[in-house]
Amino acid sequence: MNEAELKRRWKESLQRRSGDAPAFDEVWVAAEARYLDERRRFRRLSGTAAALAVLAIVIGLLPENEPSNLQGVEVGDDLLSSTLWTAPSDVLIPRHGIDIYQNIPTLMESTEFEEETLL
Amino acid sequence: MRDDDALENNPHISRKALEGLHSQLFGWTLSRCNFERAVAEDLMQQAYVEVLSGRARFDNKSALKTFLFGVVQNLARSRFRRLSTRLRLLVSYGPQEEPFSQQPEPGAERETRLVWRAVAALPARQRDITELVFCREMTVEQAATVMGVTVGTARVHYDRAKKALAVKLAELAGRSP
């Protein structure tokens, strides 16, 4: 059997088994209906997911009520001063005559010029 | 140029073009489903849904026929894999290859029956590629695209299939009364 004969018989066999195809319009309409159904389901799912997400955000943003049964502790000055701590090496730090953070030192101003520069 | 009935999600495909290929596509789909008509009709519908939705998008770089045959091939393959997995879970040993109807068509001529038996004896890949070239008017390159293999691989399968068919037909003709 040559190749042409083989092809012919194979095709013939396939055509016998396949029969007629269903009408295109029927299959197409069914496919369109299925596609629209899929889209509707997807939109419903997306809507539900979006609603849940918004709900989660709203719940998350709600202010937390401060518990009213907490007892505050007032720390007195005596207690604060009793806990003052200094490092042993603080004695090495020089004590200045001025408080560097409170007194702004003034710069000495000169009225003499040296090579056109104010000293 | 865009047809008036071009699909929204696949502008390079028109309904008219699909209608023109419908019959050939059904034949290929049936062949993928072991000639179970109801399964094939469902798979065809699914293929059209993929095209309508744009999940299978045609870029107009190949023939529309090649593209559609490829969509059906991929859907059939996924479907078979899912069924195979379920069978394996239920039965422990699932089918290793896609099923193919071994039974020759009753009432067919002797030579036609011999051809069918020789074709059924081919490994699946060789059979599929050769069917596309012999019976579906495709080139080896187009068959390679449909099957998702390289052109080189498709050529090897095609050549081996032709040789195997020649040997098998000679064997069957010698045995058969």
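What this report covers is the structure whose coordinates are included nearby.

### Description of the pattern of salt bridges
Now for step 1: Per the stated rule, a full pass over the model turns up 20 salt bridges over all chains.
Now for step 2: Here A:Arg8 makes a salt bridge to A:Glu12, at a shortest N to O gap of 3.4 Å. Of this pair, A:Arg8 and A:Glu12 both sit in helix H1 (residues 3-18), four residues apart, which is roughly one turn of that helix.
Now for step 3: Judged by relative accessible area, which is 22%, A:Glu12 ranks as partly exposed.
Now for step 4: Notably, a salt bridge pairs A:Asp37 with A:Arg40, separated by 3.5 Å at the nearest N-O pair. Of the two residues, A:Asp37 and A:Arg40 are both situated in helix H2 (residues 24-61); the distance of three residues between them amounts to about one turn of the helix.
Now for step 5: For A:Asp37, a relative accessible area of 32% puts it in the partly exposed group.
Now for step 6: Salt bridges here are not isolated pairs; linked through shared partners, they connect B:Arg32, B:Arg125, B:Asp128, B:Glu131 and B:Arg136.

### Some remarks on the nonpolar core
Now for step 1: A:Trp10, B:Ile13, B:Leu18, B:Tyr48, B:Phe67, B:Leu68 and B:Leu132 are the most contacted members of the largest nonpolar core, which totals 60 residues.
Now for step 2: For this core, the leading source of residues is helix H2 (residues 37-53) of chain B, giving nine residues.
Now for step 3: When residues of this core are assigned to domains, at least three fall in each of domain 1 (1-97) and domain 2 (100-177) of chain B.
Now for step 4: Once residues within four sequence positions are removed from consideration, A:Trp10 is found in contact with B:Val115, B:Trp116, B:Val119, B:Arg127, B:Thr130, B:Glu131, B:Phe134, B:Cys135 and B:Leu165.

Parameters and conventions
- Residues numbered from 1 in each chain as written.
- Chains lettered and ligands numbered in written order.
- Predicted model: local features only at pLDDT ≥ 70, side-chain atom pairs only at ≥ 80, totals over all residues.
- Heavy atoms only, no water.
- Salt bridge = Lys/Arg side-chain N within 4 Å of Asp/Glu carboxyl O.
- Helix = DSSP H or I, 4+ residues; strand = E, 2+ residues; numbered from the N terminus.
- Buried < 20%, exposed > 50% of the residue type's maximum accessible area, 1.4 Å probe, protein only.
- Core = buried A, V, L, I, M, F, W, Y, C linked by side-chain atoms within 4.5 Å.
- Domains from an automatic or database assignment.
- Contact = heavy atoms within 4.5 Å.

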